Amino acid sequence: MPQIPRDNKAAALLMLTKNVDFVKDAHEEMEQAVEECDPYSGLLNDTEENNSDNHNHEDDVLGFPSNQDLYWSEDDQELIIPCLALVRASKACLKKIRMLVAENGKKDQVAQLDDIVDISDEISPSVDDLALSIYPPMCHLTVRINSAKLVSVLKKALEITKASHVTPQPEDSWIPLLINAIDHCMNRIKELTQSELEL
């Protein structure tokens, strides 16, 4: 039988640790996908393959591979960079929240611990949504929407943590630093996806 956490603080730490692990796994999968993607694979089709009945004539003339949806364009690759940074910021946010709960959490502050865990539980699914949206064929508008959703959840998690008993010094410099990093990532994502909004 699995061991039941001894109190509310232990239960909160258990949930936060699971969330950190989920986000860490998502980040590693995203990085692995980026490393494994060869954007030039399939671009050099030989002449015999180009003349086969599998391709339409226009694609042959333009030189597009039949599997273009399997690879990222240069614009996609540029957009992935701030997305990965945003997921790294998510991981840092969860780790810091877990550390604060471990160091300062009080088992009798049930409502505040529950609030921290509840909002932290939203981070991993939001990271997953963003991670899934970066796979080719990438829709930049979907990436922008999922990034904005994640940013909203992260900022709410930081606000709730900052206002709670686990942050004895709310003016602590790590919260504004994380918010700045998150904003920087989102601003870059907005810049790179602006043309999608203008279509």
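Residues numbered from 1 in each chain as written. Predicted model: local features only at pLDDT ≥ 70, side-chain atom pairs only at ≥ 80, totals over all residues. Heavy atoms only, no water.

To continue, consider the overall build of the chain. Looking only at helices and strands, the chain has eight helices and zero strands in total. Reading the chain from its N end, one meets helices and strands in the order α-α-α-α-α-α-α-α. Looking at the chain residue by residue over its 199 residues, the buried ones come to 36%. Residue pairs at least 24 apart in sequence account for 82% of intrachain contacts in the chain once pairs closer than 6 positions are excluded. Of the roughly 11700 Å² of accessible surface on the chain, 51% is carried by carbon and sulfur atoms. (Helix = DSSP H or I, 4+ residues; strand = E, 2+ residues; numbered from the N terminus. Buried < 20%, exposed > 50% of the residue type's maximum accessible area, 1.4 Å probe, protein only. Contact = heavy atoms within 4.5 Å. Areas by Shrake-Rupley, 256 points an atom, 1.4 Å probe, with all protein chains shown as cover.)

Of note, His184 is situated in helix H8 (residues 174–197). Judged by relative accessible area, which is 58%, His184 ranks as exposed. For the pair His184 and Pro82, spaced 102 residues apart in sequence, the C-alpha to C-alpha distance is 8.5 Å.

What follows concerns the packing of helix H1 (residues 8–36) against helix H5 (residues 110–120). For the pair H1 and H5, the least separation of the axes is 10 Å and the interaxial angle reads 10°. Between H1 and H5, the angle falls in the class roughly parallel. In contact with Asn8, Lys9, Ala12, Met15, Leu16 and Asn19 of H1, H5 contributes Val110, Leu113, Val117 and Ser120. Partitioning the contact of H1 with H5 into residue classes produces six nonpolar, three polar and one charged. (Axes fitted to C-alpha atoms, helices over the stretch in contact; angles between N-to-C directions. Parallel < 35°, antiparallel > 145°, perpendicular 65-115°, else oblique. Nonpolar A, V, L, I, M, F, W, Y, C, P; charged D, E, K, R; others polar.)

Before going further, it helps to examine the environment of Lys96. In this structure, Lys96 sits in helix H4 (residues 74–104). Along the sequence, Lys96 and Val20 sit 76 residues apart, while their C-alpha atoms lie 9.9 Å from each other.

This brings us to the confidence of the model for the chain. Residues at a pLDDT of 70 or more form 80% of the chain, whose mean pLDDT is 84. Looking at the elements of the chain, mean pLDDT is at its lowest for helix H2 (residues 47–50), recorded as 42, and at its highest for helix H7 (residues 140–163), recorded as 96. Under a pLDDT of 50 for its full length, residues 39–61 has, in the predicted model, 16 contacts with residues more than four places off or in other chains. (pLDDT = per-residue confidence, 0-100.)

Attention now moves to the nonpolar core. Grouped together as the largest cluster of nonpolar side chains are 47 residues, with contacts concentrated most on Leu86, Val101 and Ile123. At the level of secondary structure, the elements contributing two or more residues to this core comprise H1, H4, H5, helix H6 (123–133), H7 and H8. Looking at which element gives the most residues to this core, the answer is H4, with twelve residues. Sequence-distant contacts of Val101, that is, excluding residues within four places in its chain, are made with Lys9, Ala12, Leu13, Leu16, Leu113, Ile116 and Val166. (Core = buried A, V, L, I, M, F, W, Y, C linked by side-chain atoms within 4.5 Å.)

Between its first and last C-alpha, H7 extends 35 Å over 24 residues, near the 34 Å set by a 1.5 Å rise per residue. What H7 keeps buried is the set His140, Val143, Arg144, Asn146, Ser147, Leu150, Val151, Val153, Leu154, Ala157, Leu158 and Thr161. Residues of H7 that are buried make contact with H4, H5, H6 and H8. (Expected span 1.5 Å × (residues − 1).)

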